[in-house]
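Residue-level structure breakdown
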Amino acid sequence: MLEKFLSKKRAEMINKLIPLSHRKGRILDIGCGNFSFFLINTNFREKYGIDKMITDDKKEKNMFIKKYDIEKEGLKFFENNYFDTVTMLAVFEHLDPILLLGAIKEVKRVLKPEGVFILTTPAPWSNAILQILAKLKMINPDMIKEHKILYSIEDISAILSEAGFLKEYITFGNFELFMNNWSMAVNK
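These lines cover the structure that appears in this document, whether it is placed above or below. (Residues numbered from 1 in each chain as written. Predicted model: local features only at pLDDT ≥ 70, side-chain atom pairs only at ≥ 80, totals over all residues. Heavy atoms only, no water.)

Let's talk about the side chain of lysine 47
Examined against the element boundaries, lysine 47 turns out to sit in strand E2 (residues 46-51). The buried charged residue lysine 47 lacks any salt bridge partner; its closest oppositely charged side chain belongs to glutamate 60, at an N-O distance of 8.5 Å. Within the structure, the side chain of lysine 47 is placed 2.7 Å from the backbone oxygen of leucine 39, a separation counted as a polar contact. Setting aside chain neighbours within four positions, we find lysine 47 in contact with Ile27, Leu39, Ile40, Thr42, Asn62, Met63 and Phe64. (Helix = DSSP H or I, 4+ residues; strand = E, 2+ residues; numbered from the N terminus. Buried < 20%, exposed > 50% of the residue type's maximum accessible area, 1.4 Å probe, protein only. Lys, Arg positive; Asp, Glu negative; His and termini not counted. Salt bridge = Lys/Arg side-chain N within 4 Å of Asp/Glu carboxyl O. Polar contact = N/O pair within 3.5 Å; in protein donor to acceptor, adjacent residues only side chain to side chain. Contact = heavy atoms within 4.5 Å.)

Description of the sheet that holds strand E6 (residues 111-122)
One open sheet accounts for eight strands, arranged E3-E4-E2-E1-E5-E6-E8-E7; its pairing is mixed. Strand pairing shows two members of the sheet lacking a second neighbour, strand E3 (58-60) and strand E7 (170-175), which therefore form its edges. Strand-to-strand twist across the sheet, computed as the mean angle between neighbouring axes with direction ignored, equals 15 degrees. Packed on one face of the sheet, helix H4 (residues 97-110) meets strand E1 (26-30), strand E5 (83-89) and E6 and runs near 145 degrees to E6. Contacting E6, E7 and strand E8 (180-186), helix H7 (residues 153-162) runs over the sheet at an angle of about 145 degrees to E7. (Pairing = 2+ DSSP bridges. Axes fitted to C-alpha atoms, helices over the stretch in contact; angles between N-to-C directions.)

Some remarks on the pattern of salt bridges
Under the defined criterion, the tally for this structure stands at eight salt bridges. Between glutamate 46 and arginine 26 there is a salt bridge, with the nearest N and O atoms lying 3.1 Å from each other. Here glutamate 46 is found in strand E2, whereas its partner arginine 26 is found in strand E1, with 20 residues between them in sequence. Classification of arginine 26 as buried rests on a relative accessible area of 17%. Across the salt bridge formed by lysine 52 and glutamate 71, the nearest N and O atoms sit 3.3 Å from each other. A residue pair is termed long-range when its members are at least 10 positions apart, and lysine 52 in the loop between E2 and E3 and glutamate 71 in helix H3 (residues 70-73) qualify at 19 residues. By relative accessible area, which is 41% here, lysine 52 ends up partly exposed.

Looking at the pairing of E2
When you tally the buried positions in E2, you get six out of six residues, the bulk of the element. Residues Glu46, Tyr48 and Ile50 of E2 are buried on one face, and the alternating residues Lys47, Gly49 and Asp51, pointing to the opposite face, are buried as well. Bridging between E1 and E2 involves five bridges; their strand directions are parallel. When the bridges of E2 are listed, isoleucine 30 appears paired with isoleucine 50. One ladder, built from five bridges, connects E2 with strand E4 (residues 63-67); its direction is parallel. Bridge pairing links lysine 47 to methionine 63 in E4.

A word on a nonpolar patch on the surface
On the surface, Trp125, Ile129 and Phe178 cluster together into a nonpolar patch covering about 340 Å² of accessible area. Relative to the helices and strands, phenylalanine 178 is located in the loop between E7 and E8. (Patch = residues over 30% accessible without salt bridge, like charges linked within 9 Å, V, L, I, M, F, W, Y side chains within 5 Å. Areas by Shrake-Rupley, 256 points an atom, 1.4 Å probe, with all protein chains shown as cover.)

Distances and angles like these do not, on their own, reveal function.
Quick look at the structure:
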């Protein structure tokens, strides 16, 4: 019930963070989903999406969607410095914590210099509210059950830094009544 609304709000928030200059290039949305709502609602010269849950690969105009598991395969089929922007919207918390650092190192590898990595994740304190909303079937209960860890801003900063992003080029914010955090790291 709320998911379409939340996806729309998340897309609006992230679109505000993406530098205009990047829109002439390529974006990769990791965990784009079958419908690829964010990619459909963002403007880039080339748009790529990957998700391990996609049923069929798709190619439309300037958008390429592929069934792919970043935890198992990294991003090996993309060249170094290929993307201007990489997003991971409501995905970070679903990845295996043991494999997360390797996935983020791959994100850094495929980002161009000055490229941006933007992620969103629920704030740790919001877990009780998410559980209630899931029980009421206002949000997908299966997605909430798949959460491995809800990361604090400090945790995210540490992971991004360990992956090679410089702390002075990592920014944070929140949205949806502080229930979700966003993080943006510039590849320096």
